[in-house]
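If you want the building blocks of each chain, they are given just below.
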Amino acid sequence: MTALRPTEALVGRIVRAEPLEERHRDDLRDAAQDDPEIFRFTNFGFMGFETWFDQALAATHEVPFAVVVDGVAVGSMRFLNDEPAHKRVEIGWSWLRTSAWGTGANAETKFLMLQHAFETHGYQRVEFKTDARNERARAGLESIGGQFEGIFRKHMLLPSGVRDSAWYAIVDDDWPAAKAALQERIARYP
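Each value, and the rule that gives it
Residues numbered from 1 in each chain as written. Predicted model: local features only at pLDDT ≥ 70, side-chain atom pairs only at ≥ 80, totals over all residues. Heavy atoms only, no water. Helix = DSSP H or I, 4+ residues; strand = E, 2+ residues; numbered from the N terminus. Rg over C-alpha atoms; globule rule 2.2 N^0.38 Å. Buried < 20%, exposed > 50% of the residue type's maximum accessible area, 1.4 Å probe, protein only. Contact = heavy atoms within 4.5 Å. Areas by Shrake-Rupley, 256 points an atom, 1.4 Å probe, with all protein chains shown as cover. Lys, Arg positive; Asp, Glu negative; His and termini not counted. Charge placed at Lys NZ, Arg CZ, Asp CG, Glu CD. Pairing = 2+ DSSP bridges. Salt bridge = Lys/Arg side-chain N within 4 Å of Asp/Glu carboxyl O. Arc of directions from axis to C-beta. Phe/Tyr/Trp six-rings, centres within 6.5 Å; stacked < 30°, edge-to-face > 60°.

Here the focus is the overall build of the protein chain. In terms of helices and strands, the protein chain carries five helices and eight strands. Put simply, the protein chain runs from its N terminus to its C terminus through helices and strands in the order β-β-α-α-β-β-β-α-β-α-β-β-α. Since a compact globule built from 190 residues should have a radius of gyration of about 16 Å, the 15 Å found for the protein chain is in line with a globular shape. Taken along the three principal axes of its C-alpha coordinates, the protein chain extends 40 × 40 × 35 Å. Taking all 190 residues of the protein chain together, the buried fraction comes to 48%. Sequence separation of at least 24 residues holds for 66% of the intrachain contacts in the protein chain that already meet a minimum separation of 6. On the protein chain, roughly 9400 Å² of surface is accessible, and the fraction owed to carbon and sulfur atoms is 49%. Side chains of the protein chain carry 23 positive and 29 negative charges; the gap between the two charge centres is 3 Å.

Put into structure tokens, the structure is as follows:
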């Protein structure tokens, strides 16, 4: 069990990042069927929604969240690869239905998770990785203060072939500036 698992939702102005529960299944199934583009750069295609959800729900060393907007789960993110001894964790498995793109939901969920890792638990590093071809995700990570750290070649297998992964990180030294920029960005959304 990871210490990063909160006892209640991480609540912002736009989203609630709720620890994943069975009650989120139907909303997330619907969101996952929204557009195949959502999972283009992931290995989701190997497993499909039900297996993904069951594995996320059963995860003991990861912390999956349902991203909830106006009472409806529109996507998911999770803490994974938690290394408390090294004060390091990854935020990954990030996806939102396309209607939530550009609404601030992604930025605010990541903000809440970063704040939880850095301020509640005193972590020193939060990592992210994405398909090197996923320009949208890479730009998004840079926009929240993620520092590009390199490409891991042939890092993963996807239904579409081999994936090179681009790695990003925010460290505790970066957090004050990243936090201020994220707060300013989130405030611009209605």
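Read on, since the account is not over.
Take the pairing of strand S2 (residues 16-19) next. Examined bridge by bridge, strand S1 (residues 10-11) and S2 share two bridges and lie antiparallel to one another. Bridging from a neighbouring strand, Leu-10 pairs with Ala-17 of S2. In sequence, S1 turns back onto S2 through a hairpin of four residues. Bridge count for S2 against strand S3 (residues 63-69) is four bridges, and the pairing is antiparallel. Directly across from Arg-16, in S3, lies its bridge partner Val-68.

The next thing to look at is the pattern of salt bridges. Here the structure, examined in full by the defined rule, presents 17 salt bridges. Ionic pairing is found between Arg-88 and Glu-127, a salt bridge with its closest N-O pair at 3.8 Å. Highlighted residues: Arg-88 in strand S5 (residues 88-96) and Glu-127 in strand S6 (residues 125-131), separated in sequence by 39 residues. A cluster of three or more residues bridged by salt bridges with shared partners is formed by Glu-22, Arg-25, Asp-26, Arg-29, Glu-50 and Asp-54.

Another point: helix H1 (residues 25-32). All buried positions along H1 are accounted for by Arg-25, Leu-28, Ala-31 and Ala-32. Relative to the axis of H1, the buried residues are bounded by an arc of 130° and lie together on one face.

The final tally for this structure, using the stated rule, is 10 aromatic pairs. Measuring from centroid to centroid gives 5.7 Å for Phe-49 and Trp-52, while their planes differ by 40°, and the two rings are tilted. Residue Phe-49 and its partner Trp-52 are both found in helix H2 (residues 44-58); the two are separated by three residues, about one turn of the helix. Assigned by exposure class, Phe-49 and Trp-52 land together as buried. Put simply, the rings of Phe-49, Trp-52, Phe-53, Trp-93 and Trp-95 touch in pairs and so form one group of aromatic residues.

Turning next to unusual backbone geometry. We note that Lys-87 has phi near 55°; this positive angle belongs to a residue other than glycine. Take Lys-87: it is sitting in the loop between strand S4 (72-83) and S5. Phi is positive for Lys-154, which is not a glycine, with a value near 50°. Relative to the elements of secondary structure, Lys-154 occurs in strand S7 (residues 147-158). Owing to a relative accessible area of 69%, Lys-154 belongs among the exposed residues under this scheme.

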